[in-house]
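# Results of the structural survey
Residues per chain, in single letters:
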Amino acid sequence: MPSDFLSNLYVFILAGFVGFELIKRVSPLLHTPLMSLTNALDAIVVVAAIIIAGRHETRLSVILGLIAVAASFSNMVGGFFITDRMLRMFKTGKSKKS
Amino acid sequence: MSPGAGIQLIDLTYIVSVVLFILAIKWLSSPATAKRGVLSGEIAAALALAATLANPEVREYKWILVALIVGAGVGIPLGMVKMTAVPQRTALSHAFGALSASLIGIAEYYVGIPHVSRFGMAEIGLEVVIGSLTFTGSLIAAAKLQEVRFIPQRPVVYKGQNIVSLSVLAAAVLLIIALVINPEQPYLFPIMVIVSLIFGVLLVTPIGGADMPTVISLLNSYAGFSAALLGFVLNSKVLVVAGALDGSSGFILSVIMCKAMNRSFTNVMFGAFGQVQTSGPAVQEARTVRSASPEEAAQILEAASKIVVVPGYGMAVAQAQHKVRELFDNLTKKGIEVTFGIHPVAGRMPGHMNVLLAEADIPYDRLKEMDDINSELGQTDVALIIGANDVTNPAARTDPSSPIYGMPILDVDKAHTVMVVKRSMNPGFAGIDNPLYYNDKTLMLFGDAKGFVGDIVRELSGNSSH
């Protein structure tokens, strides 16, 4: 078993636990923004797509990489944008009057 | 600076991003700090992006820039959709996320061949299979939610369906195994991709309607885990962490959704809802319902001191949320306490009802979770149900033969008076009869939710001007 795999597994398990503990505490009020925010965070796949496309290894890898760049970057931009919009809508009774 | 130090700097930037990711989710836990969470996530993404573009491995920028612009061009309009369309936007973004993860996996395989190790092949195979099935599954889910023509919204069920679906899945697994035994079979790889794409379609087509919140959450978790697996393939810790966070988030949400319907994962995935009804009792008792006019409803609401509104997806379909806000404003001005009882599976995705009401400008401190509102309903004068059905059905508590028996519901029948805005006596999406409608203290308000609530508001403002 490669040592890279083991160190990745450590990170995966620890991040999974951290995620579990944090997300359990998110108010159900914000479950929709939670989903759009984690979606935007997950779009960090764009960094791998940029490397694949930028390395210029084969024509196929460049094309697939570029499609992946566009797809994940649209998630990043759209995800942050809509989460921000949603959170602006959440107002308390007091702040609503102002 | 030596190239080695540059790479280390990039790695350090990724670590900062990972910390900011975790803080982003931590801050999102409450409305007071949530905006800070988004900012933290944005900074993390910008840092990671900048670090990656500075990577010396990237030798070509022009087309990457074009792809980024195309991505932004697609992402910005998708970020501007109305709150009613958020479920399909979310499903579409799961599709995009899964698409990019699997495309990178595919590219990695063809670049790596003939030097792909067996272990690496197992990682790539698993990653590409999960990514591909999530891609088509999410597309079908988005199409169902968007009510695209030719895509049936209702669950599509045929005989032997589960056997067909499971055989396709088994084929995908066998193809992974064949490739692991000998990774140098580039002709098998596309077959594995196609089989996974087909499985995604078969997985989601039989599911629909009230199960959509669970399906979206589950696809969310698959999309996250495929990104984490890609992190394994590329040995990229930042992807492993982001994927694990996204994956566990989707997983927790699916568990919450399943619990809120008292169903198991297997039951949602393999037993389409609404099929059970045919076996239900076909006895048509001549039960009477009482109905009321907008005028009578307005009088009852005006006389109340505590009102709980229970909204459901029907409210969103009728676009009634802005009329509901007018009703809320009017009653609140008269000194009546109005709160909203939100069932976890109300709407088409987790938390959907909350963003819909927030968009209509209803203060979020008036939105109560199921457990909180159930302890208040006994002291409530009027429970006003708008576009919700199964989540208020008392048969879930009392009738073991009901398909929704055991599902936690909003106990609206504990209120002194119950009013239900409903188009007609037709049973709801799942086709389950609701004994609440025949209850002595229930008044049916027949009509379109938007129109009827508008009429009540008119009555209320008319009375106050006299």
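Keep in mind that what you see is a predicted model, and the values were worked out from it rather than measured. (Residues numbered from 1 in each chain as written. Chains lettered and ligands numbered in written order. Predicted model: local features only at pLDDT ≥ 70, side-chain atom pairs only at ≥ 80, totals over all residues.)

### A few points about the overall build of chain A
Applied cut-off: Here a helix means four or more residues in a row that DSSP labels H or I, a strand means two or more in a row labelled E, and each is numbered from the N terminus. Computation of the radius of gyration draws on C-alpha atoms alone. For the globule rule, the value is 2.2 Å times the number of residues to the power 0.38.
On a plain count of helices and strands, chain A comes out with five helices and zero strands. The order of α-helices and β-strands along chain A, N terminus first, is α-α-α-α-α. Against the 2.2 N^0.38 benchmark of 13 Å for 98 residues, chain A shows a C-alpha radius of gyration of 19 Å, more extended than a compact globule. Taken along the three principal axes of its C-alpha coordinates, chain A extends 60 × 30 × 15 Å.

### Thoughts on the overall build of chain B
Counted only if it meets this: Using C-beta atoms placed from the backbone, we call a residue buried if 20 or more other C-beta atoms fall within 10 Å of its own, exposed if 12 or fewer do, and partly exposed for counts in between. The contact criterion used here is simple: two residues whose C-beta atoms, placed from the backbone, lie within 7 Å are in contact.
Secondary structure summary: chain B contains 17 helices and six strands in total. Its C-alpha atoms give chain B principal-axis dimensions of about 80 × 55 × 35 Å. Across the 466 residues that make up chain B, the buried fraction comes to 52%. For chain B, contacts bridging at least 24 residues in sequence account for 78% of all contacts bridging at least 6.

### Focus on the packing of helix α4 (residues 59-89) of chain A against helix α3 (residues 62-79) of chain B
Quick reminder of the rule: Here the axes come from fitting lines to C-alpha atoms, over the contacting stretch only for helices, and the angles between their N-to-C directions go from 0 to 180 degrees. Crossings are classed by handedness, with left-handed meaning an anticlockwise turn of the near helix from the far one by less than a right angle and right-handed meaning a clockwise turn. In the scheme used here, Gly and all other residues not listed as nonpolar or charged are polar, with Ala, Val, Leu, Ile, Met, Phe, Trp, Tyr, Cys and Pro taken as nonpolar and Asp, Glu, Lys and Arg as charged.
Running from amino to carboxyl end, α4(A) crosses α3(B) at an angle of 35°, the nearest separation of the two axes being 7 Å. Crossing hand, α4(A) versus α3(B): right-handed. Here the contact of α4(A) with α3(B) is composed, by residue class, of 18 nonpolar, six polar and one charged.

### Looking at the sheet that holds strand β5 (residues 417-422) of chain B
All names here are of chain B. The condition that has to hold: Strand pairing requires that DSSP identify at least two bridges connecting the strands.
The strand order across the open sheet built from six strands is β3-β2-β1-β4-β5-β6, with neighbouring strands paired in parallel fashion. What marks the edges here is a single partner per strand, and that holds for β3 (367-369) and β6 (442-446). The average undirected angle you get between the axes of adjacent strands in this sheet is 25°.

### Regarding the interface of chain B and chain A
Where the parts come together, the accessible area they lose is often given as the size of the interface. Taken residue by residue, the interface counts 93 residues in chain B and 81 residues in chain A. Top element by residues in the side of chain B that touches chain A is helix α4 (residues 86-112) of chain B. It accounts for 15 residues. Class assignment for the residues of the side of chain B that touches chain A results in 56 nonpolar, 24 polar and 13 charged.

### Considering the domain arrangement of chain B
All names here are of chain B. Note the cut-off: Where each domain begins and ends follows an automated or database-derived domain assignment.
Segmenting chain B into domains produces domain 1 (1-77), domain 2 (85-273) and domain 3 (294-465). Computed over C-alpha atoms only, the centres of domain 1 and domain 2 are separated by 25 Å. With six residues of domain 1 at the interface, the matching set in domain 2 holds five residues. Tallying contributions element by element places helix α1 (residues 3-27) first for the side of domain 1 that touches domain 2, with five residues. For the side of domain 1 that touches domain 2, the per-class residue count stands at five nonpolar, one polar and no charged.

### Let's talk about the confidence of the model for chain A
What counts is decided by this rule: Predictor confidence is given residue by residue as pLDDT, running from a minimum of 0 to a maximum of 100.
Put simply, chain A has an average pLDDT of 91, and 95% of its residues get 70 or more. The element-level mean pLDDT for chain A is lowest in helix α5 (residues 93-97) of chain A, coming to 57, with α4(A) highest at 96.

### Topic: helix α2 (residues 31-42) of chain A
Residues and elements named next belong to chain A. For the record, the criterion: Multiplying one less than the number of residues by 1.5 Å gives the expected span of a helix.
Its 12 residues give α2 an end-to-end C-alpha distance of 16 Å, which sits within 8% of 16 Å, the value for a rise of 1.5 Å per residue. Judged by how many residues are buried, α2 sits mostly within the fold: 12 of 12 residues are covered. Residues of α2 that are buried: H31, T32, P33, L34, M35, S36, L37, T38, N39, A40, L41 and D42.

### A look at the nonpolar core
Nonpolar side chains in soluble globular proteins tend to end up buried together. Inclusion rule: Working definition: the nonpolar core is a set of buried Ala, Val, Leu, Ile, Met, Phe, Trp, Tyr and Cys residues, joined through C-beta atoms within 7 Å.
Counting 194 residues, the largest nonpolar core has I44(A), V45(A), V69(A), L239(B), I385(B) and I386(B) as its most contacted members. Non-local contacts of I44(A), meaning those with residues more than four positions away in its chain, are made with A45(B), A48(B), V238(B), L239(B) and A242(B).

### Points about the pairing of strand β4 (residues 382-386) of chain B
Residues and elements named next belong to chain B. Counted residue by residue, β4 has five buried out of five residues, so it is predominantly covered. As judged from the five bridges shared by strand β1 (residues 306-311) and β4, these two strands associate in the parallel manner. By the bridge assignment, V308 is partnered in β4 with A383.

### Topic: the environment of T83(A)
The topology assignment puts T83(A) in helix α4. On the basis of neighbour counts, which here come to 29 C-beta atoms within 10 Å, the residue T83(A) falls in the buried class. Not counting residues up to four positions away in its chain, the partners in contact with T83(A) are P33(A), S36(A), L37(A), A40(A) and V38(B).

### Some thoughts on the pairing of β5(B)
Residue and element names in this part refer to chain B. Taking burial as the measure, the six residues of β5 include five buried ones, the bulk of the element. Of the pairings in the sheet, the one linking β4 to β5 comprises five bridges and is parallel in character. By the bridge assignment, I386 is partnered in β5 with V421. Sheet topology places β5 next to β6; five bridges connect them, and they run parallel.

### Things to note about the packing of helix α8 (residues 212-234) of chain B against helix α9 (residues 237-260) of chain B
Residue and element names in this part refer to chain B. For clarity, the cut-off: Here the word oblique covers every angle except those under 35 degrees (roughly parallel), over 145 (roughly antiparallel) and from 65 to 115 (roughly perpendicular).
Running from N to C, α8 and α9 point in directions that differ by 160°, and their axes come no closer than 7 Å. One finds that α8 runs roughly antiparallel with respect to α9. Remark: the crossing between α8 and α9 carries left-handed chirality.

### A short note on the environment of I191(B)
Residue and element names in this part refer to chain B. With respect to the element layout, I191 can be found in helix α7 (residues 188-204). Since 15 C-beta atoms lie within 10 Å of it, I191 is described here as partly exposed. Spatially, the C-alpha atoms of I191 and V421 are 52 Å apart, while their sequence positions differ by 230 residues.

### Some remarks on unusual backbone geometry
At the junction of I113(B) and P114(B), the peptide bond is cis and its omega measures out at 10° in the coordinates. Relative to the assigned elements, P114(B) resides in the loop between α4 and α5 (118-146). If you check the backbone angles, H56(A) has positive phi at about 60° while not being a glycine. Looking at where H56(A) falls in the secondary structure, it is placed in the loop between α3 (45-55) and α4.

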